Amino acid sequence: MVVCVCNAIRESQVRDAARAGSVTPCQMYRALGRQPKCGQCAILARAIIDEERTAA
């Protein structure tokens, strides 16, 4: 699933970034070498990151 349309970030990439230590959407963007644009994906990205961090 595409989480961020502006940056073409997929759910798997968000999960990988969370596993690598990203705790916030901003950290995820940096880990993926991208910059936030419209911000619409932040809520979903945070939920996915939280889910991955809880599972770890």
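Residues numbered from 1 in each chain as written. Predicted model: local features only at pLDDT ≥ 70, side-chain atom pairs only at ≥ 80, totals over all residues. Heavy atoms only, no water.

(A) Region of interest: the pattern of salt bridges. Under the counting rule described, the total for this entry stands at 5 salt bridges. In this structure, Arg 15 and Glu 11 form a salt bridge, with 2.7 Å as the shortest nitrogen-oxygen distance. Here Glu 11 and Arg 15 lie together in helix α1 (residues 11-19), a separation of 4 residues that amounts to about one turn. Take Arg 15: its relative accessible area is 14%, and that puts it in the buried class. For the salt bridge of Arg 15 with Glu 52, the shortest nitrogen-to-oxygen distance reads 2.7 Å. (Salt bridge = Lys/Arg side-chain N within 4 Å of Asp/Glu carboxyl O. Helix = DSSP H or I, 4+ residues; strand = E, 2+ residues; numbered from the N terminus. Buried < 20%, exposed > 50% of the residue type's maximum accessible area, 1.4 Å probe, protein only.)

(B) Local environment of the confidence of the model for the protein chain. On average, residues of the protein chain score 96 in pLDDT, and 100% of them are at 70 or above. Predicted confidence in the protein chain is weakest over helix α3 (residues 42-55), with a mean pLDDT of 95, and strongest over strand β2 (residues 9-10), with 98. (pLDDT = per-residue confidence, 0-100.)

(C) Seen up close, the nonpolar core. Judged by nonpolar contacts, Val 3, Cys 4, Ile 9, Val 14, Ala 17, Ala 18, Met 28, Tyr 29, Cys 41, Ala 45, Ile 48 and Ile 49 together constitute the single largest core of 12 residues. Counting residues per element, the ones that place at least two in this core are β1 (2-4), α1, α2 (25-31) and α3. Other than its neighbours up to four places away in sequence, Ala 17 contacts Ser 22, Met 28 and Ala 31. (Core = buried A, V, L, I, M, F, W, Y, C linked by side-chain atoms within 4.5 Å. Contact = heavy atoms within 4.5 Å.)

(D) Structural view of the environment of Ile 49. Examined against the element boundaries, Ile 49 turns out to sit in helix α3. Accessibility expressed as a relative area gives 0% for Ile 49, which makes it buried. Put simply, Ile 49 and Ala 18 are 31 residues apart on the chain and 5.3 Å apart in space, counted from C-alpha to C-alpha. Each residue touching Ile 49, except ones within four places of it in the same chain, is listed here: Val 14, Ala 18, Ser 22, Val 23, Thr 24, Pro 25 and Met 28.

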